[in-house]
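Below, each chain spelled out in residue letters.
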Amino acid sequence: MTAEEGKASGGFLKTIISKAEVYIPQVPKPKKKIPLQVRLMWCGIVLFIYMIMGQTPLYGASTPSFDFLAFARVIFASQQGTLIELGIGPIVTAGLLMQLLKGSEIFHLDFKKPEDRELYQTATKIVTYIVIIAESSLYGMAVYGPRMPNHEAIFILIGQLIGASVIIMLMDELVQKGWGLGSGISLFIAAGVAQQVIWSIFSPVPAGDGGPVGVFANIIHGAIHHDFTNLFFRSNQLPGIFGLLITAGVLLILVYTQGIKIEIPIVSTKYRGFSAVYPIKLMYVSNIPVILASALTANAVFMGQIMWANFNPRNANPFLNFLGMFDPTSPSTPTGGILYYVTAPRGLDIVALDPMRAVLYILFMVGIVVLFGRLWIELGGLSAKSAAKNLLDADVQIPGFRRSNQPVENLLQKYIPSVTIIGSIILGLLAGTSDVLGTFGSGTGMLLTVDILINYYNLLVRERVEEVMPSLGALLGRK
């Protein structure tokens, strides 16, 4: 496709999206900036509704004996058998598709123009609706369909999945458009992981080994019964003191690495005498590569389960066995094939049965996170070229360098590719190792939660900076 054809195609898409915008439900932006306390209140209301939806079962559906989305629950902030069965999955998928389209410049949008930004948001919403309908229909028919009494019941179930996903999308939009702080997606993920961590530490519910599920509750139970044999390590992936120490260690490492950065001095061209620094963090790519890697693995396992259930339920097909094998009595996790080595063996008791699987899984996570990290730098507008343009657009310059793109880009090129690879390797190691060792809330969940909390802290800092210098506050808010 030539550049002229690309522009013509992009113009045609713009026309369609503009006409469709009238018929798409929108959350209106507030007419004036809302006080921080009110925005935090809206965040609390949205989170409360989401938690209620997570406790509301799907009407007329019986929960399957195994969970097809077990590997994606943390990323998608979802709960099996409830209204948030799909969680934020459709929103995340649609967002990634739009980032790919944006990176390929199919739309040829100028994000400096408000009308083009609104057009991109409308296009994202249209794609989200399409993904919601597609995922709800596929999941409803493939997972719950065989257990439903008739076609009408399947349609009712699919309608519930679509309706709940639309509500989640609107709540996320409400938070992002200024009624709340940050994004609804971040709130839902952080709340889900925090809930798992709190449950693993304090839950008094009896477990299979005779003690309570929670670490502290199990310690008290052991002290009362003078039985300390089951405190440090526990079977069946139950939370123990070892897992608690690993979780605390991962938290400390994440917080420490988030503070490592290269600071490039900058000065304002509009406000004389103002100077600051432009930080290039070691974790420059954030946790997007980990999300992509985990989503890829989850989708691969999900498709493998469907293929196994329909074409290889007895593990008799050599080709499909090479891709993935499952235990008919418990088909939630692979037992052989490629899928077996790209899913985490959670817990030391499982690692001891096949140490090579743990090693290969960690190496796979490192490799795939580095790959997605390099890809996301280019598609997500984080390359040295994009960063140099953002600096100049924010009316700042680097002392000693001409105010033009090329010199600033050459300087940033010395750092950004290096921190991308090093940061991705660290993220892959942390995610893979903490998953293998049995971190509470999963390694990926802890990575996401820490990053979300740090981003909220940066948002609060940005709120203060924007009061003095809006353009610089927006620039710092990207990091």
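Structure first, text after, so check above.
A brief structural summary. Worth saying up front: this structure is predicted, and the values here are computed from it rather than measured.

About the thresholds
- Residues numbered from 1 in each chain as written.
- Predicted model: local features only at pLDDT ≥ 70, side-chain atom pairs only at ≥ 80, totals over all residues.
- Heavy atoms only, no water.
- Helix = DSSP H or I, 4+ residues; strand = E, 2+ residues; numbered from the N terminus.
- Buried < 20%, exposed > 50% of the residue type's maximum accessible area, 1.4 Å probe, protein only.
- Contact = heavy atoms within 4.5 Å.
- Areas by Shrake-Rupley, 256 points an atom, 1.4 Å probe, with all protein chains shown as cover.
- Axes fitted to C-alpha atoms, helices over the stretch in contact; angles between N-to-C directions.
- Parallel < 35°, antiparallel > 145°, perpendicular 65-115°, else oblique.
- Nonpolar A, V, L, I, M, F, W, Y, C, P; charged D, E, K, R; others polar.
- Pairing = 2+ DSSP bridges.
- Polar contact = N/O pair within 3.5 Å; in protein donor to acceptor, adjacent residues only side chain to side chain.
- Left-handed = near helix turned anticlockwise from the far one by under 90°.
- Salt bridge = Lys/Arg side-chain N within 4 Å of Asp/Glu carboxyl O.

### Section: the overall build of the protein chain
Assigned secondary structure in the protein chain consists of 19 helices and five strands. In the protein chain, buried positions account for 48% of the 479 residues. In the protein chain, the share of contacts with a sequence separation of at least 24, taken over all contacts with a separation of at least 6, comes to 65%. Summed over its atoms, the accessible surface of the protein chain is roughly 24,000 Å², and 67% of this surface lies on carbon and sulfur atoms.

### Overview of the packing of helix H6 (residues 151-179) against helix H7 (residues 184-202)
The contact between H6 and H7 brings their axes to 7 Å, and the two run at 110°. Classified by the angle their axes make, H6 and H7 are roughly perpendicular. Residue-level inspection shows Ile-168, Met-171, Asp-172 and Val-175 of H6 in contact with H7, the latter providing Gly-184, Ile-185, Leu-187 and Phe-188. In the contact of H6 with H7, the residues fall into six nonpolar, one polar and one charged.

### Topic: the sheet that holds strand S5 (residues 396-397)
Taken together, three strands build an open sheet; the order of strands is S2-S1-S5 and the sheet is antiparallel. Two strands close off the open sheet at either side, each with one partner strand: strand S2 (275-281) and S5. Summarising the sheet, strand S1 (residues 261-268) and S2 pair through seven bridges and their orientation is antiparallel. Pairing of Ile-266 across the sheet is with Ala-276, part of S2.

### A closer look at the environment of Asn-218
For Asn-218, the location among the structural elements is in helix H8 (residues 215-225). For the pair Asn-218 and Ala-207, spaced eleven residues apart in the sequence, the C-alpha separation amounts to 9.5 Å. The contact partners of Asn-218, leaving out residues within four places of it in the chain, are Gly-211, Pro-212, Asn-230, Leu-231 and Arg-234.

### Some thoughts on the side chain of Thr-343
Topologically, Thr-343 is positioned in the loop between helix H12 (338-341) and helix H13 (348-353). Polar contacts involving the side chain of Thr-343 include one to the main-chain carbonyl oxygen of Leu-339, which spans 3.1 Å. Here Tyr-340 takes part through its backbone oxygen, which lies 3.3 Å from a polar atom of the side chain of Thr-343.

### So, the packing of helix H2 (residues 36-53) against H7
Each pair of packed helices gets described by two things: the angle between the helix axes and the distance between those axes. Interaxial distance between H2 and H7 falls to 10 Å at its minimum, and their mutual angle equals 60°. With respect to their mutual orientation, H2 and H7 come out oblique. Viewed along their axes, H2 and H7 form a crossing whose handedness is right-handed. Counting all contacts with H2, which are made through Cys-43, Val-46, Leu-47, Tyr-50 and Met-51, the residues of H7 involved are Leu-187, Phe-188, Ala-191 and Gln-195. Taken together, the residues of the contact of H2 with H7 break down into eight nonpolar, one polar and no charged.

### Re the pattern of salt bridges
Tallying each qualifying case throughout the model produces four salt bridges. With a closest N to O distance of 3.9 Å, Glu-263 and Lys-261 form a salt bridge. Lys-261 sits in the partly exposed class, given a relative accessible area of 39%. In this structure, Asp-435 and Arg-346 form a salt bridge, with 3.1 Å as the shortest nitrogen-oxygen distance.

### Digging into unusual backbone geometry
A positive phi is found at Ala-77, a non-glycine position, where the angle reads about 50°. Its identity is not glycine, yet Asn-315 carries a phi of approximately 55°, on the positive side. With respect to the helices and strands, the residue Asn-315 is situated in the loop between helix H10 (288-311) and helix H11 (318-323).

### Some words on the pairing of S1
In this sheet, S5 lies alongside S1 in antiparallel orientation, the contact comprising two bridges. In the sheet register, Ser-268 faces S5, and the bridge partner there is Val-396.

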